[in-house]
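Read off the chains here:
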Amino acid sequence: QKEVEQDPGPLSVPEGAIVSLNCTYSNSAFQYFMWYRQYSRKGPELLMYTYSSGNKEDGRFTAQVDKSSKYISLFIRDSQPSDSATYLCAMSGGAGGTSYGKLTFGQGTILTVHP
Amino acid sequence: EAGVAQSPRYKIIEKRQSVAFWCNPISGHATLYWYQQILGQGPKLLIQFQNNGVVDDSQLPKDRFSAERLKGVDSTLKIQPAKLEDSAVYLCASSLDRGQYFGPGTRLTVL
């Protein structure tokens, strides 16, 4: 069993739709949870960074973490064609600058938002 | 603030040849990572440096891969000899405390 499972999609939605992306994980030591966006032929770009359980909102993006269920989600409201990319969940047992900062990634969900 | 720089962006080599990738992290970031991303998968950590010391290289194929970070700033990753299965994007990332910031990657094709 992989430590982090992410539905690879692909996911295709119309512009303006609400998008839900999800990951499950098995390692209870994970405390830091991130979502990255990766455009074709680019490096991953950090979108959201959360610590432990709870919600975090940033513009059209909302990240949710439920540690009791080992489940994290990213919601995109009013999706735009420019949101079309691969979305990667990532998690670690420590902060980025520590020896526990190693990230374990999901395999990514390919999202297409069509006009 | 300048981002993580990597070069070259693309490299095509034949199997059994050697190749080297270079990374310059964000200024002031003590932690540097090299990841391998195979098509259709998430990045997989190869090696983590804290300043110029290795913190984690448990997933680095040490018989063919090597990495160094002299003076705690720039880093190079080398593959010698390359195999077909090494075809991937090699990503460098750096971190201060919150999250990791990635460079554009080097796309390696081994023929």
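Residues numbered from 1 in each chain as written. Chains lettered and ligands numbered in written order. Predicted model: local features only at pLDDT ≥ 70, side-chain atom pairs only at ≥ 80, totals over all residues. Heavy atoms only, no water.

Draft legend 1. Representation of the pairing of strand β9 (residues 85-92) of chain A. Residues and elements named next belong to chain A. In terms of burial, β9 is a largely internal element, seven of the eight residues being buried. Examined bridge by bridge, strand β4 (residues 32-38) and β9 share seven bridges and lie antiparallel to one another. Within β9, the residue paired with Trp35 across the bridge is Cys89. Across three bridges, β9 lies against strand β11 (residues 109-114) in antiparallel orientation. Residue Thr86 lies in a different strand from β11, and its bridge partner there is Ile110. Bridge count between β9 and strand β10 (residues 104-105): two bridges; the pairing is antiparallel. (Buried < 20%, exposed > 50% of the residue type's maximum accessible area, 1.4 Å probe, protein only. Helix = DSSP H or I, 4+ residues; strand = E, 2+ residues; numbered from the N terminus. Pairing = 2+ DSSP bridges.)

Draft legend 2. Representation of the interface of chain B and chain A. Counting residues at the interface gives 28 residues for chain B and 22 residues for chain A. Buried surface at the junction of chain B and chain A, both sides included, amounts to about 1800 Å², of which 49% is carbon and sulfur. On the chain B side of the interface with chain A, the three residues burying the most area are Arg98(B), Gln100(B) and Phe102(B), jointly 23% of the side's total. Taken together, the links from chain B to chain A amount to zero salt bridges. Counting across the interface, chain B meets chain A through three residue pairs in polar contact (both at pLDDT 80 or more). Those elements that place two or more of their residues in the side of chain B that touches chain A are β4 (31-37), β5 (44-50), β6 (53-56), β9 (88-95) and β10 (101-102) of chain B. The leading source of residues in the side of chain B that touches chain A is β4(B), at four residues. (Contact = heavy atoms within 4.5 Å. Buried area = accessible area lost by both parts, 1.4 Å probe. Salt bridge = Lys/Arg side-chain N within 4 Å of Asp/Glu carboxyl O. Polar contact = N/O pair within 3.5 Å; in protein donor to acceptor, adjacent residues only side chain to side chain.)

Draft legend 3. Region of the structure containing the sheet that holds strand β7 (residues 61-66) of chain A. Residues and elements named next belong to chain A. Taking strand neighbours across the sheet as the criterion, the five strands line up as β1-β3-β8-β7-β6 in an open arrangement whose pairing is antiparallel. In this open sheet, the two edge strands, each paired with only one partner strand, are β1 (4-6) and β6 (54-58). Across this sheet, the average inter-strand angle for adjacent strands is 15 degrees, counted without regard to direction. Across six bridges, strand β3 (residues 19-25) lies against strand β8 (residues 71-76) in antiparallel orientation. What sits directly across from Leu21, in β8, is Leu74. (Axes fitted to C-alpha atoms, helices over the stretch in contact; angles between N-to-C directions.)

Draft legend 4. Inspection of the environment of Gln80(B) at higher detail. Residue and element names in this part refer to chain B. Note on placement: Gln80 falls in the loop between β8 (75-79) and β9. Counting along the chain gives 35 residues from Gln80 to Leu45, while the straight-line C-alpha distance between them is 19 Å. For Gln80, the contacting residues outside a window of four places in its chain are Ser18, Asp63 and Arg64.

Draft legend 5. Up close: the nonpolar core. Residues and elements named next belong to chain A. In terms of nonpolar packing, the biggest core is built from 24 residues, with Trp35, Ile72, Leu74, Ile76, Tyr87 and Met91 touching the most fellow members. When residues of this core are traced back to their parent elements, those giving at least two are β3, β4, β5 (45-51), β7, β8, β9 and β11. When sequence neighbours within four positions are dropped, the list of residues in contact with Ile76 reads Ala17, Ile18, Val19, Leu21, Arg60, Phe61, Asp83, Tyr87 and Leu111. (Core = buried A, V, L, I, M, F, W, Y, C linked by side-chain atoms within 4.5 Å.)

Interpretation in functional terms is not warranted from these geometric data alone.
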